[in-house]
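Here is how the chains run, residue by residue.
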Amino acid sequence: MNTDYRYKLETPKVTGHRQMKYTCPHCGRKKCFVRYVDTHHDCRYIADDVGKCDHQHSCGYHYKPSEYYKDNQWDAERDDGNDTTKHCTPVILPPFQAMPMEYVVRSHSKQSTFWQWLSTDVVKKLNIPTEQIQRVYDDYLVGATKKGNVIFWQIDQRQQVHGGHIMQYRADGHREGFQGWTHIPLIRRGLLPLDWQLYQCLYGEHLLCKYPDAHVCLVESEKTALVMAAYMPQHLWLATAGSGGLSAERVKCLAGRNVTLFPDSGCYEKWCRQMEQASDIDYSIDKQLESYPPNTDLCDILLNSSCPQNMA
């Protein structure tokens, strides 16, 4: 059996030089992310977010080349089509299995540092009525762990729970080191099958049915979606939950909707390429953030009192 796989994780044995480790695009930890390389093209990298995090239990991020090329068909020309070798280790993933909604309901709580920041600093800074923040919090079913970390639940438009993104925030609204997913401890405790697989959807997707006529705005982070939903409630704000979370497959739920995308600064070109494969969506991609420093998003600008006047 031929096991000469074309795409491999970067190691000294594969590349002939010392192993490089980068900041994980998911958990944010430094020197723990190993990227995949294309061994048929001088071991060049595939994309910044294609790789595997060393922290398998607390983070679990693993974005495979096969998944990347499925999500980004515009990049298919990098595969010359003449290879007889396998592109990556064949893996048969289990079918999607929704989490019980009871986990979402039980976790829906204000006992998190994130809620304290949202209901005090954001309310004061943006002069938003407290009841409006409460409505957003309830709409998005924001949860909290026993340790006071926030849970951003991903629920699709059929009200199926895909997973919960756990994040730790300081009192000033800035993220700290810990990130994780709700399914990891549930698998350890035997409450989910050992082969349970996370299949992400857009954050806030479950609200598409509740607000069928709303103009949809798509951003990267869940935090930004919530702040913008409170500040501009006339629009429905969804999030990709990471720079690698945008794909033609994941935005299929937006078919027939009018959508404006707001990529973080530095991601405009990437989001343009990814959306080229989307169909039946009336969309535009806002470029205003490109004039700001890398990784700036709408929430950063809004809370710094220099928000663009025509954001949506």
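Everything that follows concerns the structure shown earlier in this document.
For every chain, the first residue of its written sequence is number 1, and the numbers climb from 1 along that sequence. Whole-chain, interface and lining totals are the exception, using all residues; otherwise, since this is a predicted model, local features are given only for residues with pLDDT of at least 70 and side-chain atom pairs are given and counted only at 80 or more. Values reported for side chains reflect all heavy atoms of the structure, with hydrogen atoms and water molecules removed beforehand.

Remarks on the overall build of the protein
Helix and strand content of the protein: nine helices and 13 strands. Counting every position in the protein, which comprises 312 residues, the buried fraction comes to 50%. Residues are treated as being in contact if the distance between any of their heavy atoms lies within 4.5 Å. Taking contacts inside the protein between residues at least 6 apart in sequence as the whole, the part at least 24 apart equals 60%. Reported accessibility uses the Shrake-Rupley method at a 1.4 Å probe radius. Residues are deemed covered only where the shown protein chains occlude them. Here the protein displays about 15400 Å² of accessible surface, and carbon together with sulfur accounts for 48% of that area. Helix and strand labels come from DSSP, where a helix needs a run of H or I of at least four residues and a strand needs a run of E of at least two; each type is numbered from the N terminus. For every residue, the accessible area (1.4 Å probe, protein chains only) is compared with the maximum for its type, and the residue is labelled buried under 20%, exposed over 50%, or partly exposed between those bounds.

Some remarks on the packing of helix α4 (residues 113–126) against helix α7 (residues 222–231)
Each pair of packed helices can be summarised by the angle the axes make with each other and by the distance between the axes. Orientation is described by axes fitted as lines to C-alpha atoms, over the contacting stretch for helices, and by angles from 0 to 180 degrees between their N-to-C directions. For the pair α4 and α7, interaxial distance at closest approach is 11 Å and the crossing angle is 40°. The angle between the axes of α4 and α7 places the two elements in the oblique class. As α4 runs across α7, the sense of the crossing is right-handed. Judged by residue contacts, Phe114, Trp117, Leu118, Val122 and Leu126 of α4 engage Lys223, Leu226, Val227 and Tyr231 from α7. Residues that form the contact of α4 with α7 fall into these classes: eight nonpolar, no polar and one charged. Just so you know how the angles are binned, under 35 degrees is roughly parallel, over 145 roughly antiparallel, 65 to 115 roughly perpendicular, and the rest oblique. Less than a right angle of anticlockwise turn of the near helix away from the far helix marks a crossing as left-handed, whereas a clockwise turn marks it as right-handed. For this scheme, ten residues count as nonpolar: Ala, Val, Leu, Ile, Met, Phe, Trp, Tyr, Cys and Pro. Four count as charged, namely Asp, Glu, Lys and Arg, and the remainder, Gly too, count as polar.

Side note on the environment of Tyr203
By the element assignment, Tyr203 lies in the loop between α6 (183–188) and β10 (215–219). Assessed through its relative accessible area of 0%, Tyr203 is described here as buried. Residues Tyr203 and Val219 lie 16 residues apart in sequence; the distance between their C-alpha atoms is 9.7 Å. Excluding anything up to four places from it in sequence, Tyr203 contacts Tyr140, Val142, Phe152, Trp153, Glu222, Ala225, Leu226, Leu238 and Ala239.

A short note on the nonpolar core
Only buried residues count toward a nonpolar core. Its members are Ala, Val, Leu, Ile, Met, Phe, Trp, Tyr and Cys residues joined through side-chain atoms within 4.5 Å. Counting residues in hydrophobic clusters, the biggest one holds 58 residues, and the most contacted among them are Phe114, Leu118, Tyr140, Phe152, Trp237, Val251 and Leu254. Per-element tally for this core: the top contributor is α4, with seven residues. Not counting residues up to four positions away in its chain, the partners in contact with Trp237 are Tyr140, Cys217, Val219, Ala225, Met228, Ala229, Met232, Phe262 and Leu298.

Brief notes about the environment of Trp115
Here Trp115 is to be found in helix α4. Residue class for Trp115 comes out buried when judged on its relative accessible area of 9%. Spatially, the C-alpha atoms of Trp115 and Ala144 are 9.0 Å apart, while their sequence positions differ by 29 residues.

Observations concerning the sheet that holds β10
Across the sheet, four strands lie side by side as β11-β10-β12-β13; this open sheet has parallel pairing. Unpaired on one side and paired on the other, β11 (235–239) and β13 (282–285) mark the two borders of the sheet. Strand-to-strand twist of the sheet, defined as the mean angle between neighbouring strand axes without regard to direction, takes the value 25°. Here, strands pair whenever DSSP counts at least two bridges between them. One ladder, built from five bridges, connects β10 with β11; its direction is parallel. Within the sheet, the bridge partner assigned to His215 lies in β11 and is His235.

So, α7
Residue pairs three or four apart in sequence face the same way in an α-helix, which turns once every 3.6 residues. With nine of ten residues buried, α7 lies mostly within the body of the structure. Of all the positions in α7, only Glu222, Lys223, Thr224, Ala225, Leu226, Val227, Met228, Ala229 and Ala230 are classed as buried.

Some points on helix α8 (residues 268–275)
Here α8 has its buried residues at Tyr268, Trp271, Cys272, Gln274 and Met275. End-on view of α8: buried residues confined to an arc of 165°, all on one side of the axis. Think of it as the arc spanned by the lines of direction from the helix axis to the C-beta atoms.

Points about the packing of helix α5 (residues 130–139) against α7
For the pair α5 and α7, the least separation of the axes is 9 Å and the interaxial angle reads 135°. Between α5 and α7, the angle falls in the class oblique. For the pair α5 and α7, the sense of crossing is right-handed. For the pair α5 and α7, the contacting residues are Gln132, Ile133, Arg135 and Val136 in the first and Leu226, Ala229 and Ala230 in the second.

Notes on the packing of aromatic side chains
Any pair of Phe, Tyr and Trp rings, taking the six-membered ring for Trp, is counted once the centres come within 6.5 Å. Such a pair is stacked with planes under 30 degrees apart, edge-to-face with planes over 60 apart, and tilted for the rest. The tally for this structure, following the rule as stated, stands at ten aromatic pairs. Between Phe114 and Phe152 the ring centres are 5.4 Å apart and the planes differ by 90°, which places this aromatic pair in the edge-to-face class. On the criterion of sequence distance, the pair formed by Phe114 in helix α4 and Phe152 in strand β7 (residues 150–155) is long-range, its members being 38 residues apart. You'll find Phe114 and Phe152 in the same group, each marked buried.

What is shown is where atoms sit, not what they do.
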